[in-house]
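Here are the chains, one letter per residue:
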Amino acid sequence: AKRHGRNRAMPYREEFDASVAHRLQLLNQLRDALERREFVLAFQPLFAPDGRPVALEALVRWQHPTRGLLLPGEFIGICEESGLIVELGRRILREAARHYALLVEAGLGELRIAVNVSAAQFTDELFTDIESTLQEFTLPHGVLEIELTESVIMESPTRAIELMQRLAALGVSFSVDDFGTGYSSLAYLKRFPIDRLKIDRSFVQDLGVDDDDAAICQSIIGLAHSLDIRTVAEGIETEQQLAWLQARGCDELQGYLLGRPQPFETVLALLRRSHGS
Ligand code: C2E
Ligand code: CA
Ligand code: CA
Ligand code: CA
């Protein structure tokens, strides 16, 4: 990075330089990591209220050569800002889809595979990538699910609705991630081909502790159902949260209590055990 010695009296500038240098270094490392195939997927299961597994969410990790397994919080932001997320996202999509054959082999071919998609990925290019990925790995209708946040959808609603409709025609279903943290209304979202709302972890966390959060979860479930949209609760960590959500008709459940994000084989073993097969 450029040196600005004469700006010594401007601490902000030096801080800025340091962070730019750090980010450039990280970005270079990320490019190398893509080349060296250091990105791996963890899978976290989603369950129906009766305990039946219904989906696996793919969550990316960076198997760093010296720092160990890094979570997306450490690198996804810079991938998004730099545009690297487009190539990384394409790899993630293919890698997730590749596992479908293994699910079928394990007798779990009815599970959905959910993939997170960032704003920068949500373009016509994504349509082309998904179309070819569905073909290459022969994924039936309904297997691939895309998780989008409200902000991705609301950034350009007209474009989003069109892209989502084209993808829905290919058999892709949609979940709105982190629901409740954005600014969109459910009535508005109803115009989009949305299958599920994932109630943000922050509301689930305080169930049974904070009355407001219970009221929020209850209203999301009620409103979603009145619009024929299913609900998913993420971040379930306690039996109390689980029981509360089951009693209120939440359709799908996810969280550390039920299963952590883990390597595919580990999740598969967990699901096999819970099925007694
Ligand atoms: P997200 O999509 O909301 O994913 C849920 C996050 O919550 C995951 O963190 C997951 O490990 C964590 N989690 C799941 N259950 C629990 C729980 O019971 N308690 C707590 N405290 N946490 C729980 P992770 O894997 O670190 O991912 C963070 C975020 O990074 C994701 O949030 C998503 O926005 C993004 N991300 C992850 N993988 C991908 C990807 O492949 N592509 C894109 N574009 N974004 C990704
Ligand atoms: Ca997600
Ligand atoms: Ca989420
Ligand atoms: Ca609260």
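Just so it is clear, the model here is predicted, and its values are computed rather than measured.

Trainee: So what's going on with the coordination of the calcium ion (ligand 4)? Which residues, and what values?
Mentor: Summarising the metal site, the calcium ion (ligand 4) is bound by the protein donors Asp 206 (OD), Asp 210 (OD) and Asp 213 (OD), whose distances to it range over 2.5 to 3.0 Å. All donors to the calcium ion (ligand 4) come from one chain, and their sequence spacing reads D-x3-D-x2-D.

Trainee: I'd like a rundown of helix 5 (residues 124-136), residues and numbers included.
Mentor: The first and last C-alpha atoms of helix 5 sit 19 Å apart over 13 residues, in line with the 18 Å expected at 1.5 Å per residue. Buried within helix 5 we find Leu 126, Phe 127, Asp 129, Ile 130, Thr 133 and Leu 134. Around the axis of helix 5, the buried residues are gathered within 165° of arc, so they sit on the same side. Where the residues of helix 5 are buried, they touch helix 3 (84-98), strand 5 (144-149) and helix 7 (157-169). Positive backbone phi, approximately 40°, marks Thr 138, located one or two places after helix 5.

Trainee: Describe the coordination of the calcium ion (ligand 2), listing the residues and the values that go with them.
Mentor: For the calcium ion (ligand 2), the protein coordination sphere consists of Glu 57 (OE), Asn 116 (OD1), Glu 147 (OE) and Asp 177 (OD), at 2.2 to 2.3 Å. Counting gaps between the donor residues of the calcium ion (ligand 2) yields the pattern E-x58-N-x30-E-x29-D. With a relative accessible area of 28%, Asn 116 lands in the partly exposed category. With relative accessibility at 2%, the residue Glu 147 sits in the buried group.

Trainee: Account for the environment of Ile 199, naming residues and giving values.
Mentor: The residue Ile 199 is located in strand 7 (residues 196-199) in this model. A residue is classified by how much of its surface remains accessible, and Ile 199, at 0% relative accessible area, is buried. On a C-alpha basis, the gap between Ile 199 and Asp 178 in space is 5.9 Å, while along the polypeptide they are 21 residues apart. Excluding residues that lie within four positions of it along the chain, Ile 199 makes contacts with Phe 179, Val 204, Cys 217, Ile 220, Ile 221, Val 232, Ala 233 and Glu 234.

Trainee: Explain the environment of Leu 46 to me, and be specific about the residues and the numbers.
Mentor: Looking at the element boundaries, Leu 46 is found in strand 1 (residues 39-47). Not counting residues up to four positions away in its chain, the partners in contact with Leu 46 are Arg 52, Pro 53, Val 54, Ala 55, Glu 57, Arg 112, Val 232, Glu 252, Leu 253 and Gln 254.

Trainee: Got a sec to walk through helix 3? Specific residues and values, please.
Mentor: For an α-helix, 3.6 residues make a turn, and residues three or four places apart therefore share a direction. A rise of 1.5 Å per residue sets the reference length of helix 3, with its 15 residues, at 21 Å; its end C-alpha atoms lie 21 Å apart and thus fit the reference within 8%. Considered for burial, the residues of helix 3 that qualify are Leu 84, Ile 85, Leu 88, Gly 89, Ile 92, Leu 93, Ala 96 and Ala 97.

Trainee: Describe the environment of Leu 71, listing the residues and the values that go with them.
Mentor: Residue position: Leu 71 is located in the loop between strand 3 (68-70) and helix 2 (76-82). As a C-alpha pair, Leu 71 and Val 60 span eleven residues in sequence and 7.4 Å in three-dimensional space.

Trainee: Which residues make up the site of ligand 1, and what values do they have?
Mentor: Taken together, 22 residues form the shell around ligand 1, and within it Arg 61, Ser 118, Arg 201, Glu 237 and Tyr 256 come nearest. One of the side-chain N or O atoms of Glu 57 is found 3.4 Å from an oxygen atom in ligand 1. In this structure, a nitrogen atom belonging to ligand 1 sits 3.3 Å away from a side-chain N or O atom of Gln 121. Starting from 800 Å² of accessible surface for ligand 1 in isolation, the protein chains cover 83%.

Trainee: How would you sum up the pattern of salt bridges? Please name residues and give values.
Mentor: Oppositely charged side chains are able to pair whenever their charged atoms sit close together. For the structure shown, the criterion picks out 20 salt bridges. With its nearest N and O atoms 4.0 Å apart, the salt bridge here joins Arg 36 to Asp 32. Under the relative-accessibility criterion, Arg 36 is labelled exposed at 51%. Connected via shared salt-bridge partners are Glu 87, Arg 90, Arg 91, Glu 125 and Asp 129.

Trainee: Provide a residue-level description of the pairing of strand 2 (residues 53-64), including the pertinent values.
Mentor: Most of strand 2 sits inside the fold, with eleven of its twelve residues counted as buried. Here nine bridges tie strand 1 to strand 2, and the two strands are oriented antiparallel to one another. The residue of strand 2 that forms the bridge with Leu 41 is Val 60. Between strand 1 and strand 2, which pair antiparallel one after the other, the connecting turn spans five residues, and Gly 51 there sits at a positive phi close to 95°. Sheet topology places strand 2 next to strand 4 (residues 112-116); four bridges connect them, and they run parallel. The residue of strand 4 that forms the bridge with Glu 57 is Ala 114.

Trainee: Can you break down the confidence of the model for the protein chain residue by residue, with the values?
Mentor: Chain-level statistics for the protein chain give a pLDDT mean of 92 and a share of 93% at 70 or above. For this predicted complex, the interface confidence reaches an ipTM of 0.97, while the overall pTM sits at 0.93.

What counts and what doesn't
- Residues numbered from 1 in each chain as written.
- Chains lettered and ligands numbered in written order.
- Predicted model: local features only at pLDDT ≥ 70, side-chain atom pairs only at ≥ 80, totals over all residues.
- Heavy atoms only, no water.
- Donors = N, O, S within 2.8 Å, 3.2 Å for Na, K, Ca; no water.
- Helix = DSSP H or I, 4+ residues; strand = E, 2+ residues; numbered from the N terminus.
- Expected span 1.5 Å × (residues − 1).
- Buried < 20%, exposed > 50% of the residue type's maximum accessible area, 1.4 Å probe, protein only.
- Arc of directions from axis to C-beta.
- Contact = heavy atoms within 4.5 Å.
- Near = heavy atom within 4 Å.
- Polar contact = N/O pair within 3.5 Å; in protein donor to acceptor, adjacent residues only side chain to side chain.
- Areas by Shrake-Rupley, 256 points an atom, 1.4 Å probe, with all protein chains shown as cover.
- Salt bridge = Lys/Arg side-chain N within 4 Å of Asp/Glu carboxyl O.
- Pairing = 2+ DSSP bridges.
- pLDDT = per-residue confidence, 0-100.

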